[in-house]
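Structural description and commentary
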Amino acid sequence: MKPSLEDREKLVHEATLARTRAYAPYSRYQVGAAILTEDGQIFSGGNVENAVYPLGLCAERVAIASAVSAGAHRVVALAVVTANGGTPCGACRQVLREFADTDTPVLIGTPDGDYHELRLEELLPESFSVTDLKEVQ
Ligand code: THU
């Protein structure tokens, strides 16, 4: 399923809303993420920090865990919104790769609704995935 322009804009909007619920009292860098799954559902999440700093969770992984927990395993688009258009961290790129194809659109936006789009492959070239494991089994 290829997301329409309307799907994309809704996803950026949901990520923007999720960002307002981020819990980031330490870094003060709020992140919102939203994913569209193959069956048309949207799951979102914000970063969730902790007084024990390394325990903090990134917004993208919160949104992905929410989808997977609901039984939705294929991601057809992900949006991430930050104050300055920051891109997903390396760990989140790899976690997204588990549930998305290399050409899955990643929308990177700011709270005013502006966004640009990259394919996952552009963020994570020559990625390692389950297909690599299958080649040796
Ligand atoms: N953060 C995310 O939520 N997603 C990313 O891809 C980059 C970083 C969060 C982690 C931490 O709570 C804050 O942003 C500052 O690094």
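Note that the structure is predicted; figures quoted are calculated from it, not measured.

This part is about the state of the cysteines. This model, assessed by the stated rule, comprises 0 disulfides. With no disulfide of its own, Cys92 lies closest to Cys89 among cysteine sulfurs, the gap being 3.7 Å.

In this section: the packing of aromatic side chains. Enumeration according to the criterion identifies 1 aromatic pair in this entry. Ring geometry for Tyr26 and Tyr53: centres 5.4 Å apart, planes at 35 degrees, overall tilted. Placement of the pair is Tyr26 in the loop between α1 (5–20) and β1 (32–37) and Tyr53 in the loop between β2 (42–46) and α2 (59–69), with a sequence separation of 27 residues.

In space, the 5 strands of this open sheet follow the order β2-β1-β3-β4-β5, with mixed pairing throughout. Since the sheet does not close on itself, it has two edges, and those belong to β2 and β5 (115–119), each with one partner. Each neighbouring strand pair of the sheet contributes to a mean axis angle of 20 degrees, computed without reference to strand direction. Across 4 bridges, the pairing between strand β3 (residues 75–81) and strand β4 (residues 105–109) is parallel. Bridge pairing in β4 places Leu78 opposite Val106. Most of the contacts of α2 go to β2, to which it runs at about 140 degrees, and overall it touches β1, β2 and β3.

Scanning all chains against the criterion turns up 1 cavity of 30 Å³ or more. Estimated volume of the largest cavity: approximately 40 Å³. Around the largest cavity sit Glu60, Leu78, Pro88, Cys92, Arg93, Leu96, Val106, Leu120 and Leu123, which together line it. Of all the secondary structure elements, the ones that give two or more residues to the lining of the largest cavity are α3 (90–99) and α4 (120–123). Here the element with the most residues in the lining of the largest cavity is α3; it accounts for 3 residues. When grouped by side-chain class, the residues that make up the lining of the largest cavity number 7 nonpolar, no polar and 2 charged.

For the rest of this paragraph, the subject is the site of the ligand. Close to the ligand lie Ser27, Tyr29, Val31, Asn47, Glu49, Cys58, Ala59, Glu60, Pro88 and Cys89, which account for all nearby residues. One of the side-chain nitrogen or oxygen atoms of Glu60 is found 2.8 Å away from an oxygen atom of the ligand. In isolation the ligand exposes 380 Å². Once the protein is present, 75% of that is buried.

Burial in α3 covers these residues: Cys92, Arg93, Leu96, Arg97 and Phe99. Around the axis of α3, the buried residues are gathered within 160 degrees of arc, so they sit on the same side. Its buried side turned inward, α3 meets α2, β3, β4 and α4.

What follows covers the pairing of β1. In terms of burial, β1 is largely enclosed, as 6 of its 6 residues are buried. Residue alternation in β1 divides its side chains into two sets, Gly32, Ala34 and Leu36 and Ala33, Ile35 and Thr37, and both sets are buried. Bridge count for β1 against β2 is 5 bridges, and the pairing is antiparallel. For Ile35, the partnering residue across the bridge sits in β2 and is Phe43. With antiparallel pairing between neighbouring strands as the criterion, β1 and β2 make up a hairpin whose turn holds 4 residues, including Gly40 at a positive phi of roughly 90 degrees. Two strands pair when backbone bridges link them, and β1 and β3 are joined in this way by 6 bridges, in the antiparallel orientation. Residue pairing across strands places Ala34 opposite Ala79, the latter belonging to β3.

What counts as what
Residues numbered from 1 in each chain as written. Predicted model: local features only at pLDDT ≥ 70, side-chain atom pairs only at ≥ 80, totals over all residues. Heavy atoms only, no water. Disulfide = S-S within 2.5 Å. Phe/Tyr/Trp six-rings, centres within 6.5 Å; stacked < 30°, edge-to-face > 60°. Helix = DSSP H or I, 4+ residues; strand = E, 2+ residues; numbered from the N terminus. Pairing = 2+ DSSP bridges. Axes fitted to C-alpha atoms, helices over the stretch in contact; angles between N-to-C directions. Contact = heavy atoms within 4.5 Å. 1 Å grid on protein atoms, 1.4 Å probe; cavity = no way out; pocket = protein on both sides within 12 Å on 5 of 7 lines; lining within 4 Å. Points joined across faces, edges and corners; volume = space filled by probe spheres on them. Nonpolar A, V, L, I, M, F, W, Y, C, P; charged D, E, K, R; others polar. Near = heavy atom within 4 Å. Polar contact = N/O pair within 3.5 Å; in protein donor to acceptor, adjacent residues only side chain to side chain. Areas by Shrake-Rupley, 256 points an atom, 1.4 Å probe, with all protein chains shown as cover. Buried < 20%, exposed > 50% of the residue type's maximum accessible area, 1.4 Å probe, protein only. Arc of directions from axis to C-beta.

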